[in-house]
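The residues making up each chain are set out below.
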Amino acid sequence: MSNIVVITGASSGFGALTARALADAGNTVYAGMRETAGRNAPQVQAAADYAKEHGVDLRSIELDVNSDDSVDSAVKQVMEEHGRIDVLIHNAGHMVTGPAEAFTPEQFAQLYDINVLSTQRVNRAVLPHLRKAGRGLVVWVSSSSVKGGTPPYLAPYFAAKAAMDSLAVSYAGELARWGVETSIVVPGSFTSGTNHFAHSGHPADGAVEAEYETKYPGLLQQVSQKLAALAPEGAEASLVSDEIARIVALPEGERPYRVHIDPANDGSEEVSQVADRIRREFLTRIDLADLLTVHPAGA
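Here the structure is a predicted model, which means the values were calculated and not measured.

Participant: Would you explain the overall build of the chain in this entry?
Facilitator: What the chain contains, in helices and strands, is nine helices and seven strands. Rg of the C-alpha trace for the chain: 19 Å, near the compact-globule value of 19 Å for 299 residues, within the 12% margin. The principal-axis extent of the C-alpha atoms belonging to the chain is close to 65 × 50 × 40 Å. Taken over 299 residues, the chain has a buried fraction of 47%. Across the chain, the fraction of contacts at a sequence separation of at least 24, relative to all contacts at a separation of at least 6, is 77%. Carbon and sulfur atoms make up 51% of the accessible area of the chain, which amounts to about 14,100 Å² in all.

Participant: Teacher, can you tell me more about the sheet that holds strand E5 (residues 137-141) here?
Facilitator: Two modes of strand pairing occur in sheets, parallel and antiparallel, and in both the strands are linked by backbone hydrogen bonds. Pairing in this open sheet of seven strands is parallel, and the strands run E3-E2-E1-E4-E5-E6-E7 from one edge to the other. Every other strand in the sheet has two partners, leaving strand E3 (58-62) and strand E7 (258-261) as the edge strands with one partner each. Geometrically, the sheet is characterised by an average inter-axis angle of 20° between neighbouring strands, direction not taken into account. Of the pairings in the sheet, the one linking strand E6 (residues 181-187) to E7 comprises four bridges and is parallel in character.

Participant: Teacher, can you tell me more about the packing of aromatic side chains here?
Facilitator: Aromatic rings in a pair are described by how distant their centres are and how their planes are angled relative to each other. Enumeration over the complete set of coordinates arrives at five aromatic pairs. Taken together, a centroid distance of 6.2 Å and an interplanar angle of 50° make the contact between tyrosine 153 and tyrosine 216 tilted. Placement of tyrosine 153 in the loop between E5 and helix H5 (155-176) and of tyrosine 216 in the loop between helix H6 (206-215) and helix H7 (219-230) is noted, with a sequence separation of 63 residues between them. Judged by relative accessible area, which is 10%, tyrosine 153 ranks as buried. Residue tyrosine 216 is classed as partly exposed on the basis of its relative accessible area, which comes to 40%. Lying over the aromatic face of tyrosine 50, arginine 20 brings its terminal NZ or CZ to 5.2 Å of the ring centre.

Participant: What is the right way to read the side chain of histidine 260 from this model?
Facilitator: Structurally, histidine 260 can be placed in strand E7. Since its relative accessible area comes to 18%, histidine 260 is described here as buried. Here serine 268 takes part through its side chain, which lies 3.4 Å from a polar atom of the side chain of histidine 260. Of note is the side chain of histidine 260, whose polar atom sits 3.3 Å from the side chain of serine 272. Beyond its immediate stretch of four places on either side in the chain, histidine 260 contacts Val186, Ser268, Glu269 and Ser272.

Reading the values: rules and limits
- Residues numbered from 1 in each chain as written.
- Predicted model: local features only at pLDDT ≥ 70, side-chain atom pairs only at ≥ 80, totals over all residues.
- Heavy atoms only, no water.
- Helix = DSSP H or I, 4+ residues; strand = E, 2+ residues; numbered from the N terminus.
- Rg over C-alpha atoms; globule rule 2.2 N^0.38 Å.
- Buried < 20%, exposed > 50% of the residue type's maximum accessible area, 1.4 Å probe, protein only.
- Contact = heavy atoms within 4.5 Å.
- Areas by Shrake-Rupley, 256 points an atom, 1.4 Å probe, with all protein chains shown as cover.
- Pairing = 2+ DSSP bridges.
- Axes fitted to C-alpha atoms, helices over the stretch in contact; angles between N-to-C directions.
- Phe/Tyr/Trp six-rings, centres within 6.5 Å; stacked < 30°, edge-to-face > 60°.
- Lys NZ or Arg CZ within 6 Å of the ring centre and 35° of its normal.
- Polar contact = N/O pair within 3.5 Å; in protein donor to acceptor, adjacent residues only side chain to side chain.

Remember that the coordinates give geometry; whether it matters functionally is a separate question.
Below you can see the structure in the form of structure tokens.
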């Protein structure tokens, strides 16, 4: 069955690739992005051209995850056009690079708004429809930085992704009895095929940043080069979009709780296996083992 899919942050990177992969698989995909008539107009045209060339149902939609009104309007449009949403993909995110101390609290708050609070806005708009239907899938695009090895100068982003991942874990249990599945997709460091590093934000306090440069000269360039060197040949960002498309295509009730796509192997998968095992064991000990398995309506 063709799914009605809503994906956030689909103007570029993992989001754009995933939107195309899911459309290629026969789904109707709403590629959410902001400023569709402005800054992202070229991306809207590119998606339309792709849809026409490949004969797929890929639709760009105005969806600014930092705006309640924009989120609500986008979800309302999808529901009016199809009457349902089957798959929600939380992909929108923003990276910043630099010494943590040099970022202002306001910058931290803005980053958390994009990477964490945005998922709550979208959930509050979409989940009522999934719960009413008694079925659906929520995919969270996390990061191996949540539990893997983490280099310096990415602290605000790493902290935000960890918060989002923690939220996904809690939501998984709270949605299980509604028949709504959760899959947490954990990409490692992909230094090509995404705009994370190219579009990353920088600290507002240049003076503090300069002080750190005296002790950590060229650190960010060193990290970028080493991460690129760790990635084996063929480690393309499409590995992530292909995996998401595979998960969506699986039968209801059989989607994996967590998967890793980490060619550089920063250790995240090993740590996650322990953390997820402890979660399973703890829920079982407190007589909530049913939250570990989703049974779609009618199953």
